Amino acid sequence: MERWRDKVAVVTGASSGIGAAIAEELVGHGCIVVGIARRKERVEELSRKLKGKLYAVKADVSKEEDILDAFKWIRQNLSPIHILVNNAGIGKPANLIEGDVEDFKSVFDTNVLGLTIATKEAVKDMIKHNVDGHVVHINSVLGHYVAKVPNLNVYPASKHAVTALTETLRNDLNSIGSKIKVTSVSPGLVETEIFAVNGYLSSNEAMDYWQSLPKLQSKDVASAVTYVLGTPPHVQVTELTVRPVGEM
Ligand code: NDP
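Everything quoted here is computed from the prediction, not taken from an experiment.

(A) Spotlight on the overall build of the protein chain. Counting its regular elements, the protein chain contains eight helices and seven strands. For a compact globule of 248 residues, the expected C-alpha radius of gyration is about 18 Å, and the protein chain comes in at 17 Å, within 12% of that figure. Taken along the three principal axes of its C-alpha coordinates, the protein chain extends 50 × 40 × 35 Å. Put simply, the protein chain has 248 residues, and 42% of those count as buried. When contacts within the protein chain are restricted to residue pairs at least 6 apart in sequence, long-range pairs at least 24 apart make up 71% of them.

(B) Local environment of the environment of Met 1. For Met 1, the location among the structural elements is in the segment before strand 1 (8–12). Residue class for Met 1 comes out partly exposed when judged on the 14 C-beta atoms lying within 10 Å of it. It is 9.3 Å that separates the C-alpha atoms of Met 1 and Cys 31, two residues lying 30 residues apart in sequence. Excluding residues within four positions of it along the chain, Met 1 makes contact with His 29, Thr 226, Leu 229 and Gly 230.

(C) Main features of the pairing of strand 4 (residues 81–86). Of all six residues in strand 4, six are buried, a share of seventy percent or more. Where strand 1 meets strand 4, four bridges bridge the pair, whose relative direction is parallel. Pairing of Val 10 across the sheet is with Leu 84, part of strand 4. Sheet topology places strand 4 next to strand 5 (residues 134–138); four bridges connect them, and they run parallel. Its bridge partner being in strand 5, Leu 84 is matched across the sheet by Val 135.

(D) How the structure looks around unusual backbone geometry. For the bond from Ser 79 to Pro 80, the omega torsion is 5°, close enough to zero to count as cis. Tracing the sequence through the fold places Pro 80 in the loop between helix 3 (64–77) and strand 4. A positive phi is found at Asp 6, a non-glycine position, where the angle reads about 65°. Tracing the sequence through the fold places Asp 6 in the segment before strand 1. Non-glycine residue Asn 153 carries a positive phi angle of around 55°. Looking at the element boundaries, Asn 153 is found in the loop between strand 5 and helix 5 (155–175). C-beta crowding within 10 Å serves as the criterion here: with 21 such atoms nearby, Asn 153 is assigned to the buried category.

(E) Structural detail: the site of the ligand. In the vicinity of the ligand there are 28 residues, among which Gly 13, Gly 17, Arg 38, Arg 39 and Gly 89 approach most closely. When residues of the shell around the ligand are traced back to their parent elements, those giving at least two are helix 1 (17–28) and helix 6 (194–197). For the shell around the ligand, the residue count by class is twelve nonpolar, twelve polar and four charged.

(F) Spotlight on the nonpolar core. Membership of the largest hydrophobic core comes to 60 residues, with the highest contact counts inside it found for Ala 9, Val 10, Val 11, Ala 23, Val 33 and Ile 36. If we skip the residues at most four places from it in the chain, Val 10 touches Val 34, Ile 36, Ile 74, Ile 81, Ile 83, Leu 84 and Ala 122. By size, the runner-up hydrophobic cluster in this structure holds five residues, among which are Val 107, Leu 152, Val 154 and Tyr 155.

(G) Representation of the sheet that holds strand 7 (residues 239–242) within the structure. Spatial strand order, 3-2-1-4-5-6-7: seven strands in an open sheet with parallel pairing. Lying at the two open borders of the sheet, with one neighbouring strand each, are strand 3 (54–58) and strand 7. Averaged over neighbouring strand pairs, the angle between their axes works out to 20° when direction is ignored. For strand 5 and strand 6 (residues 181–187), the ladder comprises five bridges, and the chain directions are parallel.

(H) Layout of helix 5. The terminal C-alpha atoms of helix 5, which comprises 21 residues, lie 30 Å apart, in line with the 30 Å expected from a rise of 1.5 Å per residue. Of the residues making up helix 5, those classed as buried are Tyr 155, Ser 158, Lys 159, Ala 161, Val 162, Leu 165, Thr 166 and Leu 169. Taken end-on, helix 5 shows its buried residues confined to a sector of 155°, consistent with a single buried face. Residues of helix 5 that are exposed and point over 90 degrees away from its buried face: Ala 164, Asn 171, Asn 174 and Ser 175. Those residues of helix 5 that are buried lie in contact with helix 4 (101–128), strand 5 and strand 6.

(I) Representation of the pairing of strand 5. Along strand 5, five of the five residues are buried, which leaves the element largely enclosed by surrounding structure. Neither face of strand 5 is open: one carries His 134, Val 136 and Ile 138, the other Val 135 and His 137, and all of them are buried. Tracing the backbone out of strand 5, into helix 5 and back to the parallel element strand 6 gives a crossover that is right-handed.

The rules behind the values
- Residues numbered from 1 in each chain as written.
- Predicted model: local features only at pLDDT ≥ 70, side-chain atom pairs only at ≥ 80, totals over all residues.
- Helix = DSSP H or I, 4+ residues; strand = E, 2+ residues; numbered from the N terminus.
- Rg over C-alpha atoms; globule rule 2.2 N^0.38 Å.
- Buried ≥ 20, exposed ≤ 12 C-beta atoms within 10 Å, placed from the backbone.
- Contact = placed C-beta atoms within 7 Å.
- Pairing = 2+ DSSP bridges.
- Near = placed C-beta within 6 Å.
- Nonpolar A, V, L, I, M, F, W, Y, C, P; charged D, E, K, R; others polar.
- Core = buried A, V, L, I, M, F, W, Y, C linked by C-beta atoms within 7 Å.
- Axes fitted to C-alpha atoms, helices over the stretch in contact; angles between N-to-C directions.
- Expected span 1.5 Å × (residues − 1).
- Arc of directions from axis to C-beta.
- Right-handed = clockwise from strand over helix to strand, strands pointing away.

Put into structure tokens, the structure is as follows:
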């Protein structure tokens with residue numbers, strides 16, 4: 001990780017869970033971290049706690065103009081970008097027959113379009129400054145298969161799109177001779193706010209079931225991200241799946 005010291009790393013969704021743990025880990029490795037989230041105050045709180053170089057930028061990644069403004073600020077104040085971790089993501093439990101179309105859209109706008117636009121902005125900056133950077137997508141095991149349970153809604157479809165976008169970006173970078181790396185990190189179940197915030201645990205039954213499952217902690221995923229970032233320049237981890245022991 002020594003080569004990333006004093007280099008700029010952008011982490012989307014740095015206000016809680018996995019994104020906050022990644023931001024903390026990267027600050028610990030001496031990166032200059034930009035944490036993007038709607039709840040900017042939570043990133044600021046983390047920044048005060050870490051006493052390191054963590055800048056909070058408020059943006060809703062489901063809105064193109066917010067992403068463009070965030071990257072404009074980064075370019076003007078901190079560029080060049082060396083690392084982008086596309087972590088911001090949501091799910092909206094429902095079945096596809098009764099699900100709300102606005103929820104279909106917000107999941108895709110956040111998990112797919114937000115990630116694609118942030119990637120475009122970061123990679124343009126890396127190429128402009130001739131930086132052999134690294135783009136990491138926080139995907140999911142549900143980006144590779146669909147669990148046989150109801151109410152997953154469009155979440156697995158959005159994460160399958162992330163799997164495809166990882167490969168497509170690598171093809172595009174290879175075709176122009178770029179050495180920017182692209183990695184998909186796919187966690188199994190992680191104990192974070194995502195389930196409570198997005199309404200997955202609204203019944204006692206759902207809560208009991210969730211509590212019974214083996215889970216990773218956010219810092220386990222952050223360690224996996226550090227691992228892929230720490231590989232030598234000629235080595236590229238394209239996909240890394242991290243699951244709790246005992247996960248079905
Ligand atoms: P959390 O709910 O704890 O964190 C989600 C983060 O994403 C928050 O920082 C939130 O910030 C941010 N976010 C959500 N929507 C937006 C938006 N529109 N604009 C900007 N930021 C946004 O969940 P996790 O840490 O669990 O999730 C992080 C990633 O990990 C997601 O991509 C998720 O799909 C993936 N993942 C999670 C698993 C799990 O079991 N927890 C398993 C596999 C993958 P704010 O609300 O402040 O905007």
